[in-house]
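Read off the chains here:
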Amino acid sequence: MSLMFIDTHAHLSDAAFSADAAEAVARAHKAGVAKIIHPDVDSRERGPMLAFCRQYPGVMYHMIGLYPGSVDTEWEREMASAEAAIGPDTVALGEIGLDYHWSDEFKEEQKAAFRYQLELAARLGLPVNIHLRDATEDFFKIMEECRHLGLRGNLHAFSGSYDTFARLQKLGDWKVGIGGVLTYKNSKLAVAVKDIPLGSILLETDAPYLPPVPHRGERNEPAYIPIVAGRIAEIKGIDIEEVAAVTTASATELFTL
């Protein structure tokens, strides 16, 4: 039986794929990755991202949103540009969220932009793809404030504990994106993944970043999704066929693919 996977987060229009993006899509297809969702970052990258996705109808899908690392005092102007780009083929708002890792200079602007995009997603009836790094308490405070919006979505590049997952579930039926970090020798993510229900897990690469073992130090790409799926199967003591079927069904439902 051939397996079907969905990579729910990959940046294939990134400069890292400038020489072989088409080949990367072909390699993904050969590996059983039938669909790939491309996140948005900001107005500088949006045009090439959308143009790339249009080349692969039924394979490449896109999100629209303002990445927290791109938020500054001009975030409202950036948001106007993002809103204008949302169309009937937009499957989610993302990647949006909070990131204080490198700097918290625009912390208040990030929180305002995140809250605005959550409210926008609710108005449009779209799921959200969330980026979170070193801003957990502010994230949960905003999510609590927006609980009444009935939001749905996933926490991309999840690397937290089961307790963090359980805390998120108190706010609704949320998914978590699991990628190459799960395969790292010193990663504690395996402990959480063992207890997180398979139906709450989505597969992702975040290509070209965070490649799985044995490709650490190389460029990541969607063709490596089966490696992550295999590790999940190993941790949970189930067949990779089950991982493929359940995660694909979850992604298809959440993003209406």
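To keep things clear, this report deals only with the structure shown in the data block. (Residues numbered from 1 in each chain as written. Predicted model: local features only at pLDDT ≥ 70, side-chain atom pairs only at ≥ 80, totals over all residues. Heavy atoms only, no water.)

What follows covers the packing of aromatic side chains. Within this structure, the stated rule accounts for 5 aromatic pairs. With centroids separated by 6.1 Å and ring planes inclined at 65°, the aromatic side chains of Trp75 and Tyr116 adopt a geometry described as edge-to-face. In this pair, Trp75 sits in helix 3 (residues 75-85) while Tyr116 sits in helix 4 (residues 107-124), placing the two residues 41 residues apart along the sequence. Classification of Tyr116 as partly exposed rests on a relative accessible area of 27%. (Phe/Tyr/Trp six-rings, centres within 6.5 Å; stacked < 30°, edge-to-face > 60°. Helix = DSSP H or I, 4+ residues; strand = E, 2+ residues; numbered from the N terminus. Buried < 20%, exposed > 50% of the residue type's maximum accessible area, 1.4 Å probe, protein only.)

On to the sheet that holds strand 8 (residues 201-203), then. Spatially, the 8 strands line up as an open sheet ordered 1-2-3-4-5-6-7-8, and their pairing is parallel. Lying at the two open borders of the sheet, with one neighbouring strand each, are strand 1 (5-7) and strand 8. Neighbour-to-neighbour, the strand axes of the sheet open up by a mean angle of 30°, direction not taken into account. Strand direction decides the pairing type here: strand 3 (residues 60-64) and strand 4 (residues 90-99), joined by 3 bridges, are parallel. What sits directly across from Met63, in strand 4, is Ala92. Against the sheet, helix 2 (residues 43-54) touches strand 2 (33-38) and strand 3, its axis set at about 150° to strand 3. (Pairing = 2+ DSSP bridges. Axes fitted to C-alpha atoms, helices over the stretch in contact; angles between N-to-C directions. Contact = heavy atoms within 4.5 Å.)

A few words now on the side chain of Thr90. Here Thr90 lies in strand 4. Judged by its relative accessible area of 5%, Thr90 falls in the buried class. Among the polar contacts made by the side chain of Thr90, one reaches the side chain of His62 at a distance of 2.9 Å. A polar contact is formed between the side chain of Thr90 and the backbone nitrogen of Gly87, at a distance of 3.0 Å. Aside from chain neighbours lying at most four places away, what touches Thr90 is His62, Met63, Ile64, Ala85 and Leu126. (Polar contact = N/O pair within 3.5 Å; in protein donor to acceptor, adjacent residues only side chain to side chain.)

All right, on to the environment of Ala15 then. Within the secondary structure, Ala15 is located in the loop between strand 1 and helix 1 (21-30). Residue classification places Ala15 among the exposed positions, given a relative accessible area of 62%. Taking the C-alpha atoms as reference, Ala15 lies 18 Å from Ala28; in sequence the two are 13 residues apart.

Time to look at the pattern of salt bridges. The full count for this structure, using the stated rule, is 15 salt bridges. With a closest N to O distance of 2.8 Å, Arg219 and Asp20 form a salt bridge. Taken together, the positions of Arg219 in the loop between strand 8 and helix 8 (225-236) and Asp20 in the loop between strand 1 and helix 1 put the pair 199 residues apart, joining distant regions of the chain. A residue is classified by how much of its surface remains accessible, and Asp20, at 18% relative accessible area, is buried. Ionic pairing is found between Glu108 and Lys111, a salt bridge with its closest N-O pair at 3.1 Å. Highlighted residues: Glu108 and Lys111, both in helix 4, separated by 3 residues, approximately one helical turn. By relative accessible area, Glu108 is classed as exposed at 51%. What makes Lys111 buried here is its relative accessible area of 17%. By sharing partners, the salt bridges in this structure join Asp20, Arg27, Arg219 and Glu221 into a single network. (Salt bridge = Lys/Arg side-chain N within 4 Å of Asp/Glu carboxyl O.)

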